[in-house]
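Working through the structure, step by step
Next come the chains, spelled out residue by residue.
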Amino acid sequence: MSEQDICVIVPTIREWECMEEYIANARDHGFDTDRLFVVLVTEEFCDTDGMAAMLDDLGVDGAVFDGTAREEWFAEQGASEYSHLIPEASHAQTSFGLLYMWANERFEYGVFIDDDTLPHDEDFFGTHMENLAYEGEIEARTSDESWVNVLDDADADLYPRGYPYAAMDEELERESTRVDDVVASQGLWTNVPDLDAVRILMDGDLQGQAQSRTARADFGEDFVAAEGQYLTVCSMNLAFRREVIPAFYQLPMDDNRWDVGRFDDIWSGLFLKRAADVLGKQVYNGGPLCEHNKAPRSTFDDLQNEVAGLELNEHVWEVIDAAAAGASSYREAFASMADALATGDFEEWNNGAFLNYCGKYMNDWLDCLDTIEQPAADRVEVPADD
């Protein structure tokens, strides 16, 4: 039996059966599913027994965590005081999967999969692992706005969710570079592009999707964003090395008094890219592609969820870019970014205090990781606040 070294993290309340297709894809392409452990992060109202039965039927190891199970897990780790790090009813619950990985040292790699995606007929897990192991020449992209549009090759004029409006109409340059330490592999998506609500409305769609669609032909060569350049990182199809977890917290989105949501993976991607740049690491982008089958829903509901953070999204990358210089570890880089957000004066921006709030939670994230790392005999349980 192969070493179980890959933790597959799936936030789900609807289409958890997508894992049937991903496991079939692995077996069809000869990928050893004994390497996989599937963590389904869900809610009390979902069929957790059905999820567990599905994993059993598939013959893959895994675990299902609803809210109660997550609280029990925190208590087992002696970390109940940090359970607030995982927001309720939010895609940002993927952070729980990161903590689960951290507590289980056998996991060297993580894979985020959204439940509204399906794999293409290519080796999904194998391609991600090849990307993470890749050393050699690759296209590097740079723009005069310090932002790279991951949908730049698409025929339609599309910008992904999280791309700052002020950075649009950039002048893009492409050149070859060599990479030798890839820490994340972002697979892109066909069918429904990952757009924000404003851009979906501009594309003429009221059902939360888009009139435009992407196909395999819309994606060119695999690439990296050059050092000092930012890009949107979407967690629907993403693999990463264990080492990045200290700098990859998905933030307290949705479950906050400012009602800021929908930027969990986007902002955590900024943290990851800044830390990677400082430490001489790379984020690989392109394949494997997945098919994104976003369910119809009101575009205006998405707009309501996003608007509270839209102005912050125009600036948070600049705050991050000014932090972490000279850091020698992911923890040190993330701590610097956390302090920059926790102590900054952002009153001029709508809901600027949310960034201070995020900074506090980011420092709590590092403390939580420290607690989980302690041997069980040394842990002192601190009750969570009621």
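Look above for the structure.
Bear in mind the structure is a predicted one, so any value in this text is a computation, not a measurement.

1. Observations concerning the packing of helix α7 (residues 264-279) against helix α8 (residues 299-321)
- Where α7 contacts α8, the two axes come as close as 10 Å, and the packing angle between them is 10°. Taken together, the axes of α7 and α8 lie roughly parallel to each other. Counted together, I266, W267, L270, F271 and R274 of α7 and G309, L312, N313, V316, W317, I320 and D321 of α8 form the full contact between these two elements.
- Here the contact of α7 with α8 is built from residues that sort into eight nonpolar, two polar and two charged.

2. So, empty space enclosed by the protein
- What the rule picks out here adds up to one cavity of 30 Å³ or more.
- Of the volumes computed, that of the largest cavity is approximately 40 Å³.
- Grouping the constituent residues of the lining of the largest cavity by class yields four nonpolar, two polar and three charged.

3. Concerning helix α5 (residues 124-133)
- The buried count for α5 comes to eight of 10 residues, which makes it a mostly enclosed element.
- Put simply, D123 is the residue that caps the front of α5, since its side-chain oxygen is 2.9 Å from the backbone nitrogen of G126.

4. A look at the layout of surface pockets
- Here the largest pocket is characterised by a volume of approximately 1,100 Å³.
- Lining the largest pocket are 37 residues, with I13, R14, H91, D115 and R297 sitting closest to its centre.
- Only β5 (117-119), α7 and α8 provide two or more residues apiece to the lining of the largest pocket.
- Its residues placed into classes, the lining of the largest pocket shows 11 nonpolar, 10 polar and 16 charged.

5. Observations concerning the pairing of strand β2 (residues 36-41)
- Of all six residues making up β2, six are buried, and the element is well covered by its neighbours.
- Burial along β2 is two-sided: the face carrying L36, V38 and L40 and the face carrying F37, V39 and V41 are both buried.
- Relative to β2, strand β1 (residues 6-11) runs parallel, the two being bridged by six bridges. Looking at β2, one finds that C7 is bridged to F37.
- For the segment spanning β1, helix α1 (residues 18-28) and β2, crossover handedness is right-handed.
- Bridge analysis of β2 against strand β3 (residues 61-65) gives five bridges, and the strand direction is parallel. Across the sheet, the residue bridging to V38 is G62, located in β3.
- With helix α2 (residues 48-58) bridging β2 and its parallel neighbour β3, the resulting β-α-β unit is right-handed.

Analysis parameters
- Residues numbered from 1 in each chain as written.
- Predicted model: local features only at pLDDT ≥ 70, side-chain atom pairs only at ≥ 80, totals over all residues.
- Heavy atoms only, no water.
- Axes fitted to C-alpha atoms, helices over the stretch in contact; angles between N-to-C directions.
- Helix = DSSP H or I, 4+ residues; strand = E, 2+ residues; numbered from the N terminus.
- Parallel < 35°, antiparallel > 145°, perpendicular 65-115°, else oblique.
- Contact = heavy atoms within 4.5 Å.
- Nonpolar A, V, L, I, M, F, W, Y, C, P; charged D, E, K, R; others polar.
- 1 Å grid on protein atoms, 1.4 Å probe; cavity = no way out; pocket = protein on both sides within 12 Å on 5 of 7 lines; lining within 4 Å.
- Points joined across faces, edges and corners; volume = space filled by probe spheres on them.
- Buried < 20%, exposed > 50% of the residue type's maximum accessible area, 1.4 Å probe, protein only.
- Polar contact = N/O pair within 3.5 Å; in protein donor to acceptor, adjacent residues only side chain to side chain.
- Pairing = 2+ DSSP bridges.
- Right-handed = clockwise from strand over helix to strand, strands pointing away.

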